[in-house]
Amino acid sequence: MEPTVIREEVQAFLQACQSFTGFALYNGLTTAEREAIATVVRTLGRDFKPSLGDQPRSYLPVDG
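What this report covers is the structure whose coordinates are included nearby.

Thresholds, definitions, all that
Residues numbered from 1 in each chain as written. Predicted model: local features only at pLDDT ≥ 70, side-chain atom pairs only at ≥ 80, totals over all residues. Heavy atoms only, no water. Helix = DSSP H or I, 4+ residues; strand = E, 2+ residues; numbered from the N terminus. Expected span 1.5 Å × (residues − 1). Patch = residues over 30% accessible without salt bridge, like charges linked within 9 Å, V, L, I, M, F, W, Y side chains within 5 Å. Areas by Shrake-Rupley, 256 points an atom, 1.4 Å probe, with all protein chains shown as cover. Salt bridge = Lys/Arg side-chain N within 4 Å of Asp/Glu carboxyl O. Buried < 20%, exposed > 50% of the residue type's maximum accessible area, 1.4 Å probe, protein only.

Spanning 20 residues, helix H1 (residues 8–27) covers 28 Å between terminal C-alpha atoms, matching the ideal 28 Å at 1.5 Å per step. One or two steps after H1, the chain reaches Gly-28, where phi turns positive at roughly 70°.

Let's shift gears to a nonpolar patch on the surface. Where nonpolar side chains cluster on the molecular surface, the patch consists of Ile-6, Val-10, Phe-13, Leu-14, Val-40 and Leu-44 and spans about 510 Å² of accessible area. At the level of secondary structure, the elements contributing two or more residues to the nonpolar patch comprise H1 and helix H2 (31–45). Per-element accounting of the nonpolar patch gives the leading share, three residues, to H1. Along the chain, Val-10 turns up in helix H1. Given a relative accessible area of 35%, Val-10 falls into the partly exposed group.

No statement about biological role is implied by the geometric values presented.
Encoded structure:
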């Protein structure tokens, strides 16, 4: 069973999405903007399962 706690990064993303939804509702989007958002939504909607060894790039050490 998965934990029910939502991590800080996910909460921040959800808040940004809610703010963006309000912006888009009142300001509208161009065709290019709608297509870009649709691409992100499709990507997020895919059923992908990263391997246990995968880490987000932001957590990987930087060379140099």
